[in-house]
Amino acid sequence: MAHRDPDEPVYMISIAARLTGLHPQTVRLYERLGLVRPRRAANRNRLYSESDVERLLQIRRFTQEL
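An account of the accompanying structure is given in this report. (Residues numbered from 1 in each chain as written. Predicted model: local features only at pLDDT ≥ 70, side-chain atom pairs only at ≥ 80, totals over all residues. Heavy atoms only, no water.)

Take the overall build of the protein next. A tally of regular secondary structure across the protein gives three helices and three strands. Secondary structure elements of the protein occur, N-terminal to C-terminal, as β-α-α-β-β-α. By the compact-globule yardstick of 11 Å for 66 residues, the protein fits well, its C-alpha radius of gyration being 12 Å. Oriented by its inertia axes, the alpha-carbon framework of the protein measures out at about 40 × 30 × 20 Å. Residue pairs at least 24 apart in sequence account for 57% of intrachain contacts in the protein once pairs closer than 6 positions are excluded. (Helix = DSSP H or I, 4+ residues; strand = E, 2+ residues; numbered from the N terminus. Rg over C-alpha atoms; globule rule 2.2 N^0.38 Å. Contact = heavy atoms within 4.5 Å.)

Here is the structure:
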């Protein structure tokens, strides 16, 4: 089985939010703050990579520790 590039954008915002346990609005806020930068598909939908999901998980851990 081939390994996927961790920077390949594959997850829509609803899936990225579900994988991280964050609300989609929180994910959008983190984007506005520049903490994560999803790519945009041709239809302007946000697409998150595995690296983006890992970054969101790290942000979530940091905020929970505060």
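Further remarks concern the nonpolar core. If you look at the biggest cluster of nonpolar residues, it comprises 13 residues, and the most contacted ones within it are Val27, Tyr30, Tyr48 and Leu56. Within the residue set of this core, elements represented by two or more residues are α1 (13-20), α2 (24-32) and α3 (50-65). With four residues, the single largest contributor to this core is α3. (Core = buried A, V, L, I, M, F, W, Y, C linked by side-chain atoms within 4.5 Å. Buried < 20%, exposed > 50% of the residue type's maximum accessible area, 1.4 Å probe, protein only.)

For the rest of this paragraph, the subject is the side chain of Thr20. In this structure, Thr20 sits in helix α1. Thr20 gets classed as buried once you look at its relative accessible area, which sits at 0%.

Attention now goes to the packing of α1 against α3. Pairs of packed helices are described in terms of their axes, by the angle between the two and the distance that separates them. Two numbers describe how α1 lies on α3: the axes approach to 9 Å, and their chain directions differ by 45 degrees. Compared by their axis directions, α1 and α3 come out oblique. Like other packed secondary-structure pairs, α1 and α3 cross with a definite hand, here right-handed. Across the interface between the two elements, Ala16, Leu19 and Thr20 from α1 touch Val53, Leu56, Leu57 and Arg60 from α3. (Axes fitted to C-alpha atoms, helices over the stretch in contact; angles between N-to-C directions. Parallel < 35°, antiparallel > 145°, perpendicular 65-115°, else oblique. Left-handed = near helix turned anticlockwise from the far one by under 90°.)

Within the open sheet, the three strands sit side by side as β1-β3-β2. Their pairing is antiparallel. Each of the sheet's edge strands pairs with one partner strand only, and the pair in question is β1 (11-12) and β2 (39-40). The strands touched by α3 within the sheet are β1 and β3 (46-48), with β3 carrying the most contacts at an inclination of about 80 degrees. (Pairing = 2+ DSSP bridges.)

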